[in-house]
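Architecture and fold: a report
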Amino acid sequence: MEVSDYINSAKTFAEKAAKLSQKMSQGLVDNARELGFPGSESGAQYFDTSEEKMRNIKRQLDSKNDREKLDGLKRLIAMISKGRDVSEFFPDVVKNVVSQNIEIRKLVYIFLLRYAEQEPDLALLSINSFQKDLSDKNQIIRAMALRVMSGIRVPVISPIVLLGIKKCITDPSPYVRKTAAHAIPKCYSLDDSQKEALIEVIATLLKDRSNIVIGSTIMAFNEVCPNRFDLIHPCYRKLCSMLGDCDEWGQMSILGVLLRYGRNQFLNPNPNGEDASRIPPKQSVNINNKSFYSDSESDSESDQIQADDIVELDVDHELLLKSCVPLLQSRNSGVVLAVAKLYYYLAPAVEAEKIAKPLVRLLRTHREQCYVVLTNIATMALKRPYLFESSLQQFFAQSSEPVFIRDTKLDILTTITTEVNIHTLLTELQQYVKSPNKDFVAATIQAIARCASTVPTAADKCLRLLMKLLRSKNELVVAESVLVLTRLLQVPSEERSRSVIALVKLLDTLKVPMARANILWLVGQYAETLPKVGPDVLRQAVKNFANEDHVTKLQILTLSAKLICLNATHPTLNSLNQYLLNLARYDIDYDVRDRARFLRALTIPSQEEKPGLNQLKEHLKTILLSNKEPAVIESEVQAASEYNIGSLSLLAHQPLPGYEPLPDFPQEQPDASVRDVEELEGWSGSRTVVMESGFGSDSFDSYRGSSHRFNSGAGASTALSGVEAMGSSSMYSSSANFKKKGNDYDLDAFYDESSEEDESESSQEDDETSTSESESDDDDEEDEDEEEEESEEEASDEEQDGITTEEDSDEDSSSGLSSEDEDSNTKVIRKTR
């Protein structure tokens, strides 16, 4: 074969391969379009707003093909997300509200919620379809219809929305009842005149046993009637028992309501003020048993002391606290913080120690959540620092943390410090001073000063540490240390005179105006203790008066006046004072001129005698050299400690709209019998919840066809909660045969009958042998006849109690066993037992 033949065959093969790849790619594109996977071109069409595309969307909305309608609605929703006004398609979209396709309905509902206020007349046209959907077999359709109808912000339809809510609260599906609870605040904001009717609806929903519904109901309660505690009385114990089964948002809502309820209905668990004391409370135990050799008088006195310390809590109060303890292990930080808030405000101070470790555990979350938790911990530690003393090292700052978290940790560290851990904390703070962040360094130096005021016994060590920082080469560290030392040394004493002299030596090198001003003020305060230091400092300050900052100039004038007050006849001081006042008289800053004019009248004698001025001169020493109180260095957390823990106002350091402080405890115990109510009955209290068949229900028979349905077309249902799982269903048909003893179900009878059904088939195969064995023992037959009579009496009781046995009858008929065979089988089973 020649080379040309090889070349021709290679070209032919390449052409065939190209055609094949083209066909394959075209086929993939066509299949993707059929399956609804938009490619690059079709993906861009959602954001194309040309006139031709708009006409195409309108054509798609009017199409009879669900796929085209869905495609057109997706384009409209994409335009809405881009901020495009597509209200012109409102009439075309409303037509599709009756579509049987659930995806189309969802998009139509979204479109209606967006443009219902702009087109209220057209939106009202869809109300009838929503009302019809409230009776749909599909629970999702029923819930979506009510959600959209309540979301249409047209005040005219508020009565219709209220009727829809009343209808849905009796729905067998907990999901629909939960949607009805969500619609209550919307209806209330739409028309507040419906408040009384909505309160009745809330009272009905509070009787619901479903943990899915109760959380949303409490949220509606908080919006409509947050202070109607008479609605909480009957269901208080139920709320406590359902706390662990509710969803996380429902748990937070319930805890908030129970906290306000407890502050309104229970007495103060800390009547002696243990909740506001920084000293940990002593856990007293009342010992009733007395030893044989003990002194009766001493034992009676000790028991009396212990009895005075013990506060007997209400039974429901203890129930609330015990129900909240498991929630401290929740993975949701909001739930843990809500429990901590309840224990902080409602529990005895001894039991409040349970919240410390769960709160510290939350510090390992994201930095935003960590900051919220730290702020609340800092507020709690102001009154109860003993809660977090054992977790001191957990609040050490790290270099990778943001500044706002490190500052909050510093506040907590300085609050919970004690004589035991002060040395460890000061060692840690020395390392923080080396940080390159200037703001954090300043906050650390202030934290050292707060440690001196928190632990007075360690004040001298804190002063030595601050004096050591004066040698730093960082000017910011030196300036901040001077400011803090001024506040700590403002009370004159001979022991701290050396610290003042050390500060005076920094005047030659220190350039920060505020720091220089503080040193000059401090020299004036120690003018009597250090009589030789003050005049020399004034002499040096007057030389450079014109070049000083206005803050420093004011303190120089004040220092001169203090020295004249102490040595009025000293000629050198009078000359310096006169010279200084003349310089200040023509200063640029008006504050300096005013201060000089005021001090001139007080320090320089004049020929004119003025009564008011003479009285001021008599009290000049008291005015200028008044004794100062010890410094109390407060943090920003102390300014916001008046707000409730867990509130947004605590983080904002100001009251925000909607903030309400917690009510005070009552002085006398309210009536506790209001919570002693019988178990609530009714539709919402029933233990059986049967779901309708269809999409979104628990039955899968609607997808298999009518020939596969159980019980003559009735779909199988599954309970949605642990309480509702006791309801009747085809899967648990034997539950219809519960025998009752009083108001309770007889579980022994239930297991007897269930075992009979399980072994009926095996007994049918061994019918002959079982019959011979049953005839061989006459004594057993007499006992079995008595049991049969008892079962017949119990069956008659079942009919009186209204328990249905249709499912059992169906099973018996389907098994094909006669009553005689069943009797013989039951005899054998009981005999074998």
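Scroll up to find the structure this text is about.
Since the structure is predicted, the reported quantities are computational estimates derived from the model, not experimental observations.

As a further point, take unusual backbone geometry. Phi is positive for His-653, which is not a glycine, with a value near 60°. Within the fold, His-653 resides in the loop between α35 (648-652) and β1 (739-741).

For side chains bearing opposite charge, pairing can occur when the charged atoms are close. Scanning the model with the defined rule gives 20 salt bridges in all. Taking the shortest distance from any N to any O, the salt bridge between Arg-142 and Asp-171 comes out at 2.8 Å. Here Arg-142, found in helix α9 (residues 139-151), pairs with Asp-171, found in the loop between α10 (158-168) and α11 (174-190); they are 29 residues apart in sequence, far enough to count as distant. Here Asp-316 ties to Arg-237 by a salt bridge, and the two come within 3.0 Å at their closest N and O atoms. Within this pair, whereas Asp-316 is found in helix α17 (residues 315-324), its partner Arg-237 is found in helix α14 (residues 236-241), the two being separated by 79 residues in sequence. With a relative accessible area of 35%, Arg-237 lands in the partly exposed category.

Right, let's get into the nonpolar core. Counting 201 residues, the largest nonpolar core has Phe-130, Ile-165, Phe-388 and Phe-395 as its most contacted members. Take this core: its biggest share by element is 11 residues, from helix α18 (residues 333-346). Beyond its immediate stretch of four places on either side in the chain, Phe-395 contacts Val-360, Leu-363, Leu-374, Ile-377, Phe-388, Lys-409, Ile-412, Leu-413 and Ile-416.

Another aspect to go through is α17. Taken residue by residue, α17 has Asp-316, His-317, Leu-320, Leu-321, Ser-323 and Cys-324 as its buried positions. Relative to the axis of α17, the buried residues are bounded by an arc of 165° and lie together on one face. In α17, the exposed residues that point more than 90 degrees away from the buried face are Val-315 and Lys-322. Buried residues in α17 make contact with α14, α15 (248-265) and α18. The backbone nitrogen of Asp-316 has a side-chain oxygen 2.9 Å away, supplied by the residue at the start of α17, namely Asp-314.

What follows concerns the packing of aromatic side chains. Counted under the stated rule, the structure contains 12 aromatic pairs. On the numbers, 5.0 Å between centres and 25° between planes, the contact of Tyr-236 with Tyr-261 is stacked. Separated by 25 residues along the polypeptide, Tyr-236 in helix α14 and Tyr-261 in helix α15 bring together distant segments of the chain. An angle of 80° between the planes, with centres 6.4 Å apart, marks the rings of Phe-388 and Phe-395 as edge-to-face. Residue Phe-388 shares its accessibility class with Phe-395, and that shared class is buried. Put simply, the rings of Phe-229, Tyr-236, Tyr-261 and Phe-266 pair up and form one aromatic cluster. The positively charged end of Lys-553 is found above the aromatic ring belonging to Phe-545, 5.6 Å away from the centroid. Sitting over the face of the ring of Tyr-236, Arg-675 holds its NZ or CZ atom 5.6 Å from the ring centroid.

Turning next to the environment of Arg-539. Here Arg-539 is to be found in helix α28 (residues 533-543). Residue classification places Arg-539 among the partly exposed positions, given a relative accessible area of 35%. Taking C-alpha positions, Arg-539 is 9.6 Å from Ser-560, a pair spaced 21 residues apart along the chain.

Rules of the game
- Residues numbered from 1 in each chain as written.
- Predicted model: local features only at pLDDT ≥ 70, side-chain atom pairs only at ≥ 80, totals over all residues.
- Heavy atoms only, no water.
- Helix = DSSP H or I, 4+ residues; strand = E, 2+ residues; numbered from the N terminus.
- Salt bridge = Lys/Arg side-chain N within 4 Å of Asp/Glu carboxyl O.
- Buried < 20%, exposed > 50% of the residue type's maximum accessible area, 1.4 Å probe, protein only.
- Core = buried A, V, L, I, M, F, W, Y, C linked by side-chain atoms within 4.5 Å.
- Contact = heavy atoms within 4.5 Å.
- Arc of directions from axis to C-beta.
- Polar contact = N/O pair within 3.5 Å; in protein donor to acceptor, adjacent residues only side chain to side chain.
- Phe/Tyr/Trp six-rings, centres within 6.5 Å; stacked < 30°, edge-to-face > 60°.
- Lys NZ or Arg CZ within 6 Å of the ring centre and 35° of its normal.

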